[in-house]
Amino acid sequence: SQKIEQNSEALNIQEGKTATLTCNYTNYSPAYLQWYRQDPGRGPVFLLLIRENEKEKRKERLKVTFDTTLKQSLFHITASQPADSATYLCALDMYWGDKIIFGKGTRLHILP
Amino acid sequence: DGGITQSPKYLFRKEGQNVTLSCEQNLNHDAMYWYRQDPGQGLRLIYYSQIVNDFQKGDIAEGYSVSREKKESFPLTVTSAQKNPTAFYLCASLGQGYNEQFFGPGTRLTVL
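The rules we used
- Residues numbered from 1 in each chain as written.
- Chains lettered and ligands numbered in written order.
- Predicted model: local features only at pLDDT ≥ 70, side-chain atom pairs only at ≥ 80, totals over all residues.
- Heavy atoms only, no water.
- Helix = DSSP H or I, 4+ residues; strand = E, 2+ residues; numbered from the N terminus.
- Rg over C-alpha atoms; globule rule 2.2 N^0.38 Å.
- Contact = heavy atoms within 4.5 Å.
- Buried < 20%, exposed > 50% of the residue type's maximum accessible area, 1.4 Å probe, protein only.
- Pairing = 2+ DSSP bridges.
- Phe/Tyr/Trp six-rings, centres within 6.5 Å; stacked < 30°, edge-to-face > 60°.
- Salt bridge = Lys/Arg side-chain N within 4 Å of Asp/Glu carboxyl O.
- Polar contact = N/O pair within 3.5 Å; in protein donor to acceptor, adjacent residues only side chain to side chain.
- Axes fitted to C-alpha atoms, helices over the stretch in contact; angles between N-to-C directions.

Draft legend 1. Quick look at the overall build of chain A. Broken down by element type, chain A carries zero helices and 11 strands. Taken against the 2.2 N^0.38 rule, which gives 13 Å for 112 residues, the C-alpha radius of gyration of chain A at 13 Å falls within 12% of a compact globule. With the C-alpha coordinates of chain A rotated into their principal frame, the extents come out at 40 × 30 × 20 Å. Of the contacts made within chain A by residues no fewer than 6 positions apart, 55% connect residues no fewer than 24 positions apart.

Draft legend 2. Up close: the pairing of strand β1 (residues 3–6) of chain A. Residue and element names in this part refer to chain A. Alternating positions in β1 separate cleanly, Ile 4 and Gln 6 being buried on one face and Lys 3 and Glu 5 remaining unburied on the opposite face. Of the pairings in the sheet, the one linking β1 to strand β3 (residues 19–26) comprises four bridges and is antiparallel in character. Bridge assignment links Gln 6 to a residue of β3, and that residue is Cys 23.

Draft legend 3. View of the packing of aromatic side chains. All told, the structure shown has 13 aromatic pairs over all chains when counted by the stated rule. With a centroid separation of 5.5 Å and an interplanar angle of 85 degrees, the aromatic rings of Phe 102 of chain A and Tyr 35 of chain B are classed as edge-to-face. Placement of the pair is Phe 102 of chain A in strand β10 (residues 100–102) and Tyr 35 of chain B in strand β4 (residues 31–37), with the two residues belonging to separate chains. For the pair Tyr 47 of chain B and Phe 55 of chain B, a centre-to-centre distance of 5.9 Å together with 80 degrees between the ring planes defines the contact as edge-to-face.

Draft legend 4. Examining the interface of chain A and chain B more closely. Facing the 18 residues of chain A at the interface are 21 residues of chain B. Along the contact surface separating chain A from chain B lie zero salt bridges. Across the chain A-chain B interface, the total number found is four residue pairs in polar contact (both at pLDDT 80 or more). Counting only elements with at least two residues in the side of chain A that touches chain B, the list comes to β4 (30–38), β5 (45–51), β9 (86–94) and β10 of chain A.

Draft legend 5. Summary view of the sheet that holds strand β8 (residues 72–77) of chain A. Residue and element names in this part refer to chain A. In spatial order, the strands read β1-β3-β8-β7-β6; together these five strands make up an open sheet with antiparallel pairing. One side of each edge strand has no neighbouring strand; the edge strands of this open sheet are β1 and β6 (56–59). Strand after strand, the sheet turns through a mean of 15 degrees between neighbouring axes, direction not considered. Where strand β7 (residues 62–67) meets β8, six bridges bridge the pair, whose relative direction is antiparallel. Bridge pairing in β8 links Thr 65 to Leu 74.

Given below as structure tokens:
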């Protein structure tokens, strides 16, 4: 069956360290993989997109990797800050691309 | 300012009543989406529309209905046939040639 899995437990990281979130998928072949941030009671906000032929993408303190062999994406926040505390969703964007498929999200807490 | 608005932010409904959630965008986006989010769950697609006067069922369309009479508007009706309608509802839009979705602030529906 098709699945997208993100760290089911909340992640607690000390301020200043790098937070690494995982997104694994099975039985999908996405053309793109997207990461969104969602704050409590709000809609998700797009952060980064990585294509299947890209290994890594960076934006300021954010870095995303995409390994289509392992069927995994890693999302890194370097020099983490308490303001980075939120839920982070990964989403698969298929070739037949009229809709994207979201994971359940990982709650990240950056501890001061 | 361009964006997506959803109203109301909070909605209470008695069992057996239909209720309509509003979603408006001024981004000139062709595609619009409705998602449902339950605690600890990812986003589940209810309906989507890629063009005016056309829409498709998502993964959990039963008990919901939509219309797309104008490009800017994609209202969602939660009918009395929806067995468990209490949830957070999110509307999103997508521009032509883009992959990332823009989300509204959400409507929290509670059935009393």
